[in-house]
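Each chain, letter by letter, is given below.
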Amino acid sequence: MSDRVFNFSAGPAVLPLEVLKEAQSNFLNHQGTGANIMEQSHRGPVFDKIIQEAEADLRTLIGIPDDYAVLFVSGGASFQFSAIPLNLCKDNKKVQYIQTGTWSKTAAEEAKRLGICDVDVIFNDTKRVPTAEEIKAKVDPEAAYLYYCDNETIQGVEFQEVPEAPIPVIADMSSNFLSRPIDIKKYGMVYACAQKNFGPAGLTVVVIRKDLIKETFPFCPNLLRYSVLEANRSMKNTPPTYAIYIAGLVFKWIMSKGGLPGIGELNRTKAMMIYDTIAQSNGFWNVPAEETCRSMMNIPFTNTLGQDRAKEFMAFAKERNCVTLAGHRSIGGFRASIYNSMPVEGVEALVQAMKDYQQANQ
Ligand code: PMP
C-alpha cells in the first residue's frame, strides 16, 4: 500500500491499515450476510453481536467494572459539553472546571450558556496543568463534579495524573482515549469521540459510574439522557452502526498490540522521537507546552522562521509523504498528531524531514 500517506491529522485521523483492510473485505458482503453491515438493521443479530463484542472488548481493554456503564452515543464529543451539566448537576447547582486549552474552555462555556448551574473555573492556563496542591486548594466538596480535558488537542497539554477530588471527576479523553492504561475507578465519567483514536466521526463513547446516572431536568432531550441511553443499551434510536463496527475492529487491533500497556509504550517512544529532535535543534524547533505536561498524542511546534514560512516546511514534509501538519487555525505553527495508528515509520519520516529542513534553512 505505498500510496498511503503518513497522516498527522488531529482528527478525523489515521486508522490502522489492518482495520481498513478487514472492513474492505466485508464491504460488499459482511461475513456471508450478503450486505454491508451499514445496510442491516441495528436490531438484527449481526449488529447485536458487533455492539456486544465492542462493549466487552472495551471493558477488557480498560478494565471497566460492572458498576460502570458503557454507552455508544451518536454525534461528536461536543454533545457531551451539554449532556454533562444537564445530567450531572441537577441537585447541586455548582460545577467546577479546569481550563487548560480550547476544549475545556468550550465545555465550560457551554455549561455557562445553559444557565442551569454555577460554573466555577478553578484553573486557567494553556501551557501547563494544575498541581495537586492547586486543585486541592480550589476544589469544593459541595460541587456536583470536577471537569477537565485530559489531553488538549490544540495546545498539546496532557495531564500526567488524574486530578484528585472528593467529587466525581469527569474527563474529556477525546484525543488520548485508549492511548495508555488508565484507572477507571478514579473517574466518575470519561468520554471520547471516535474520530481520533478509535474510529470514524459520528460516535462518542461514554463510560460512566452507574450511581451518577439519575433523573435529569425535564427539558433535557431524551437522547442526551444517560438514563435513557443506558436503559436502551445505546439504542433508543438508530446508533451509528458503521462507526461502532469500525470501533470494535480497532479495539481488537489494540488488543493484538499488547493492549493499553503495549500501545502506551509505543506511543511514548514515538512522541519522544519528536520531542528529542526538538530538544536537540538548538532552538530552531520549539514546543509551547511545559515539559512536565507535554502531550504524547498531539505535538504543536514552531520554528524560528515564523508563520510566513510555515507553508514551506509543510511542502518539504509532504515530499517525504508527511501530510496534514498545519497547527490549528487558532494558533498557527505546526502540529503532529501521532495517535495509536500512526506507524513508527511515519514518525521517523517526520523527524528526518525536520532535521533536513533545519540543516537547509538555519
Ligand atoms: N474534545 C477534544 C479534546 C477534542 O479534540 C475535540 C475535537 N477536536 C472535541 C472535544 C470536539 O469533538 P467533536 O468535533 O466530535 O464534537
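Residues numbered from 1 in each chain as written. Predicted model: local features only at pLDDT ≥ 70, side-chain atom pairs only at ≥ 80, totals over all residues. Heavy atoms only, no water.

Under an unreviewed UniProt entry, the protein chain has the name Phosphoserine aminotransferase and belongs to Carpediemonas membranifera. UniProt, in its Cofactor (unreviewed entry) section for the protein chain, records the words "pyridoxal 5'-phosphate". Of the comments in the UniProt record for the protein chain, the one headed Sequence similarities (unreviewed entry) reads "Belongs to the class-V pyridoxal-phosphate-dependent aminotransferase family. SerC subfamily." (UniProt positions renumbered as here; feature names shortened; annotations may be inferred.)

### With respect to the site of the ligand
Inspection of the region around the ligand gives 14 residues, with Ser78, Thr153, Asp172, Gln195 and Lys196 positioned closest. Contact distances for the ligand include 2.5 Å between an oxygen atom and a side-chain N or O atom of threonine 153. Residue composition of the shell around the ligand, grouped by class: 5 nonpolar, 7 polar and 2 charged. (Near = heavy atom within 4 Å. Polar contact = N/O pair within 3.5 Å; in protein donor to acceptor, adjacent residues only side chain to side chain. Nonpolar A, V, L, I, M, F, W, Y, C, P; charged D, E, K, R; others polar.)

### Focus: empty space enclosed by the protein
According to the stated counting rule, one finds 1 cavity of 30 Å³ or more in the structure shown. In this structure, the largest cavity encloses a volume near 30 Å³. Surrounding the largest cavity, Ile62, Met173, Asn176, Phe177, Leu178, Ser179, Arg180, Ile182 and Leu260 form its lining. In the lining of the largest cavity, the residues fall into 6 nonpolar, 2 polar and 1 charged. (1 Å grid on protein atoms, 1.4 Å probe; cavity = no way out; pocket = protein on both sides within 12 Å on 5 of 7 lines; lining within 4 Å. Points joined across faces, edges and corners; volume = space filled by probe spheres on them.)

### Regarding the UniProt feature "domain: Aminotransferase class V" (unreviewed entry) in the protein chain
Look at the UniProt record and you will see "domain: Aminotransferase class V" (unreviewed entry) annotated at residues 5–350. Within residues 5–350, the helical portion is 34% and the strand portion 17%, while the C-alpha atoms at the span's ends are 12 Å from each other. (Helix = DSSP H or I, 4+ residues; strand = E, 2+ residues; numbered from the N terminus.)

### Overview of the nonpolar core
Counting residues in each nonpolar core, the largest one holds 89 residues, and the members touching the most others are Ile62, Phe177, Leu178, Tyr187, Phe198 and Phe313. Among the elements that make up this core, the one with the highest residue count is helix α7 (residues 241–256) (11 residues). Aside from chain neighbours lying at most four places away, what touches phenylalanine 177 is Leu58, Ile62, Val190, Ala192, Asn197, Phe198 and Val205. (Core = buried A, V, L, I, M, F, W, Y, C linked by side-chain atoms within 4.5 Å. Buried < 20%, exposed > 50% of the residue type's maximum accessible area, 1.4 Å probe, protein only. Contact = heavy atoms within 4.5 Å.)

### Observations regarding the confidence of the model for the protein chain
In this model, the protein chain carries a mean pLDDT of 96, and residues with pLDDT of at least 70 account for 99%. Scored by ipTM, the complex comes to 0.99, with pTM at 0.98. (pLDDT = per-residue confidence, 0-100.)

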